[in-house]
Each structure stands twice: as structure tokens, then as C-alpha cells.
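One letter stands for each residue in the lines below.
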Amino acid sequence: MSTLRALLLTALLPAAAAAQAAGGFSVSEDDLFSTPDLPLLAAASEPAAEEKKTVGLSGDLVTVIQDVVSSTGAPGRLDTYAVANFALDARLQRGYKAYANMETTHYSSTGETDFLLREAFIDFNLARRAWFRAGKQVLQWGRCALWNPTDLVNVEKTPFIRKIGAREGASGLKLHIPYGTRYNLYAFLDTGTAADDRDAAAAVKFEFLAGRTEMAFSAWNRRGSYPVLGYDLSSRLGGLDIKGEVSASRRDNAYYIREDAGALSLYRKDREWPVRAALNLARGFRVGDFNDRLTVAAELFYNPNGYASAPFRDSAAYTFTGPLALVAPAGTKGAYLLGNGLYEPNQLGRRYAALFTTFTRFLVTDLALTGNYIRNLDDRSGAVTAGLTYTDINDFSAGFLATLFTGPARSEYTYAGVRGLVQLTASVSF
């Protein structure tokens with residue numbers, strides 16, 4: 001049994017009982033469920049008044065028309081699809097809750113329809129002092145907008161281009177113990193990919209306030225992996241919002257491509273204590289009569305074990321080793337990377353930079369203009385987006401988004417042979 005899992009099973013659960021016995025702090029259900037996760041900083045309160053059972057059904061429907069422009073001059077590919085999310089939210093007495101999010105996508109070009117259960121969990125508590133969430137869930141872990149080196153619990157990373165639909169949840173059990181307004185203790189037992197109990201991953205996080213700065217220390221471990229330590233913070237200096245996070249481990253847990261005598265294999269790099277770091281700086285500007293009408297955020301990411309140049313640029317043929325060789329005995333480095341499921345968008349290189357801008361009340365009150373840019377500083381490829389989003393008081397919205405991929409051919413953002421995307425959306429929330 002790993003150190004962190006032992007901590008979860010022998011320390012945190014008894015700690016919940018101890019908090020109850022010691023008088024702890026009480027919180028209300030409204031505070032607890034005011035956000036998707038539980039970053040609870042509410043003061044201690046008296047027991048809530050008698051609660052009523054409520055069952056709510058909500059969701060949204062998004063229709064998409066998307067033109068994929070090829071970089072080879074071939075005709076563009078037209079994709080038309082619709083994504084619907086249905087959320088069931090049942091709130092019971094004494095702070096118990098059940099939630100499920102079902103997503104269905106219909107592709108007009110093929111006639112296929114997919115059904116996915118994005119989240120399904122139950123919330124329960126011990127005397128409103130220790131809070132549990134069991135099931136498939138998206139966790140609030142990490143602070144930066146795009147890169148979260150401390151987030152090793154969520155299944156799906158945050159994308160640069162906004163995803164249509166909901167994020168995939170991670171399966172497991174989360175524990176949250178709040179201590180007044182200044183401290184929060186979180187733990188998560190990740191059972192999603194575990195074949196037996198020894199393969200479950202565990203993560204813990206201690207979050208606290210220090211003046212105007214909120215920060216947290218975290219740790220993660222799984223059998224066969226090196227433990228990962230993390231630190232993140234969120235603060236404000238003048239009008240500048242500052243968010244940052246770093247993670248480090250004895251060795252890297254990720255696999256990389258190695259070439260030996262014309263054959264490709266996978267290995268873990270032996271660099272000691274590789275440190276991944278992300279920094280986000282954001283500021284709002286007053287334009288006209290409105291504060292924060294223009295917001296600008298810049299984010300940097302550093303991964304010392306990333307590729308200095310994209311493997312996709314190497315067009316030579318290599319012999320494949322490992323399980324992939326049974327399906328494809330030879331191919332390029334890019335094909336080997338993709339075939340082994342090792343490529344993660346915005347994580348391939350060593351150094352990245354991104355810029356996010358939003359201008360609200362653009363021309364009319366309900367219209368927002370966005371412009372974003374991301375760049376792999378090692379292979380000099382990137383993506384730039386420009387969009388318009390209209391949202392009215394009737395929960396209807398319409399959007400236009402244009403994306404251009406830049407840089408040398410067969411780099412991270414150009415390897416697929418796509419020059420750009422043009423996307424039109426219309427959606428209704430209910």
C-alpha cells in the first residue's frame with residue numbers, strides 16, 4: 001500500500017471523526033454546493049433550518065457548424081453536429097445530494113449518436129464537518145487557466161480552444177474537511193483506472209489563507225510511479241491577479257520516445273527532480289463607464305522534459321517496438337507518439353506562452369469579443385483564435401470562432417495538415 005493511500009485510509013477518515021467529536025465547524029448546504037467543487041471558506045454557522053427535498057433538471061443544447069480548412073489546398077471538411085447535456089440534481093435533507101450529467105452528441109454527416117455519462121456522484125457528510133463526494137466527478141485542482149502541473153487527478157485537461165460539451169469526470173472518493181474560514185483539507189482516492197486496490201492513486205491537498213494570498217500544498221502517488229509534490233497560489237498585487245503552480249518529483253512519470261539503431265522504444269527520463277511550472281498574470285481595464293470591460297491574461301508554462309523540437313518533423317521510417325509493433329511494425333516518430341497515446345495537446349514542448357483577451361459590451365451590451373494566442377516556443381508553432389459571442393437574458397447564445405494554426409509544417413499545431421477552423425454555434429440553456 002502506498003504512503004498516500006495509507007494516509008487516506010488511516011489518517012484522513014479518522015480525522016473526519018475527530019473533527020466531529022471536537023466540535024469542528026458547521027457549514028450550510030448552500031455554501032457547500034455554490035461551486036462545482038468545494039473550495040469552502042465560509043465561517044462557522046448554526047445548524048441550518050429544516051431543509052426540503054428538491055429535484056432539478058437542467059441542461060443545454062449546442063448546435064455546431066464547423067469548416068475545417070486544409071493546409072494542402074484540398075476542399076475543406078464540413079462538420080455539423082449537436083451536443084446536448086442533461087443534468088439531474090437531487091438535493092436531499094441534511095446536506096445529501098445526487099448529481100448526474102448525461103451528454104449526447106449527434107453527427108449529421110454520419111448519422112451516428114454518442115451517449116456519455118460525464119459525471120455521476122453522491123455527496124454526503126459527517127455532521128456537516130467532513131464532506132464526501134463518491135463517484136465520477138470533475139475536481140477543482142490547480143489554479144491557472146490552461147496549464148495545471150499540480151492537477152494529476154482530473155481525466156481531461158483544459159483545452160485551449162473551448163470544448164463543446166462537458167469535461168469527463170474522474171472516478172473515486174473525495175474528502176473535504178473545512179476548518180473555519182482559513183483552512184481546507186482535501187483528499188481524493190482515484191479508482192478510475194485501477195485493476196485492483198493496489199493500483200488506486202491518491203492525492204491530498206492542504207489549502208490555507210496567508211493575508212491576501214490563498215495557497216496550497218499537495219501530493220500525489222500511485223504504485224509504479226514516483227510521488228509528485230505540488231504548490232499553488234493565488235494573490236493580487238495592486239490591480240494584477242497572480243496565479244501560479246509548480247510540481248516536482250524524484251523522476252518523471254511520463255514516457256518519451258527513444259531512438260536506438262533505427263528502432264523506437266519508450267522510456268522514462270532520468271533527470272532528477274524535474275520541475276513543471278505555470279504562471280498566470282491577469283488584469284482588468286476600465287473602458288468607458290465600465291470596470292474590467294477589457295481583461296487581459298498571460299500564461300507561461302515550463303516542462304524541462306518536453307521535446308525541444310516536435311517529433312512530427314522527423315519523416316524518416318523507424319522500426320517500432322512494444323505492443324504497437326503488433327499493429328504497425330514501422331513508421332515515423334509522430335506515428336509512434338500518437339500510436340502509443342503519448343501526445344497531449346499543449347504539453348509536447350518545453351516552453352509555452354499563451355495570451356487571452358476578452359472585451360465585453362462590444363458594440364452592443366450582449367456581445368463579447370475574444371482574442372487568444374498560444375505558442376510552442378521550442379518548435380515555433382501556435383494557434384490564434386478570434387471570436388464573437390452573443391448572450392441574451394433568455395439563456396440563448398450564438399457564437400463565431402475562427403482559428404488559424406501557424407508555424408512550420410509538421411510542428412505541434414500543424415502536423416495534422418489543418419490550416420484553420422471556422423465555427424458557428426447556437427445554444428440554449430434551460
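Nothing here was measured: the structure is a model prediction, and the numbers come from that model.

## A closer look at the sheet that holds strand β17 (residues 330-331)
Spatially, β12-β13-β16-β17 is the arrangement adopted by the four strands of the open sheet, whose pairing is mixed. Of all strands in the sheet, those with a lone pairing partner are β12 (256-260) and β17, marking the two edges. Here five bridges tie β12 to strand β13 (residues 263-267), and the two strands are oriented antiparallel to one another. From the neighbouring strand, Asp260 faces β13, where its bridge partner is Ala263.

## Observations regarding the side chain of Thr150
Counting through the fold element by element, Thr150 comes out in the loop between β5 (130-137) and β6 (170-179). Within the structure, Thr150 has its side chain in polar contact with the side chain of Glu245 (distance 2.7 Å). When near neighbours in sequence (up to four residues on either side) are disregarded, Thr150 contacts Trp141, Gly142, Ser218, Gly230, Tyr231, Asp232, Glu245, Val246 and Ser247.

## Focus: unusual backbone geometry
The backbone phi angle of Asn346 is positive, close to 65°, even though this residue is not glycine. On the secondary structure map, Asn346 appears in the loop between α3 (333-339) and β18 (351-359). Within the chain, Arg380 stands out as a residue other than glycine whose phi angle is a positive 65°.

## Here's the deal with the confidence of the model for the protein
Looking at the protein, the pLDDT average stands at 88 and 88% of residues meet or exceed 70. Ignoring residues within four places in sequence, the model shows residues 1-7, a span with pLDDT below 50, making 17 contacts including any to other chains. Across residues 9-47, confidence stays below pLDDT 50; counting only partners more than four residues off in sequence or on other chains, it has 81 contacts.

## A word on the pairing of strand β22 (residues 418-429)
Two strands pair when backbone bridges link them, and strand β1 (residues 54-70) and β22 are joined in this way by 11 bridges, in the antiparallel orientation. Residue Val62 lies in a different strand from β22, and its bridge partner there is Ser427. With nine bridges connecting them, strand β21 (residues 396-406) and β22 associate as antiparallel partners. The partner of Thr403 across the bridge, within β22, is Leu421.

## Observations regarding the pairing of β1
Examined bridge by bridge, β1 and strand β2 (residues 77-91) share 15 bridges and lie antiparallel to one another. Its bridge partner lying in β2, Asp60 is registered against Asn85. Connecting β1 to the next strand, β2, in antiparallel fashion are six residues, including Gly73 with a positive phi near 90°.

## Examining the environment of Val275
Mapping Val275 onto the fold places it in strand β14 (residues 275-287). Once the C-alpha coordinates of Val275 and Asn303 are considered, the two residues, 28 residues apart in sequence, prove to be 6.9 Å apart. In this structure Val275 touches Val246, Ser247, Ala248, Tyr302 and Pro304, once residues within four positions along its chain are discounted.

About the cut-offs
Residues numbered from 1 in each chain as written. Predicted model: local features only at pLDDT ≥ 70, side-chain atom pairs only at ≥ 80, totals over all residues. Heavy atoms only, no water. Pairing = 2+ DSSP bridges. Helix = DSSP H or I, 4+ residues; strand = E, 2+ residues; numbered from the N terminus. Polar contact = N/O pair within 3.5 Å; in protein donor to acceptor, adjacent residues only side chain to side chain. Contact = heavy atoms within 4.5 Å. pLDDT = per-residue confidence, 0-100.

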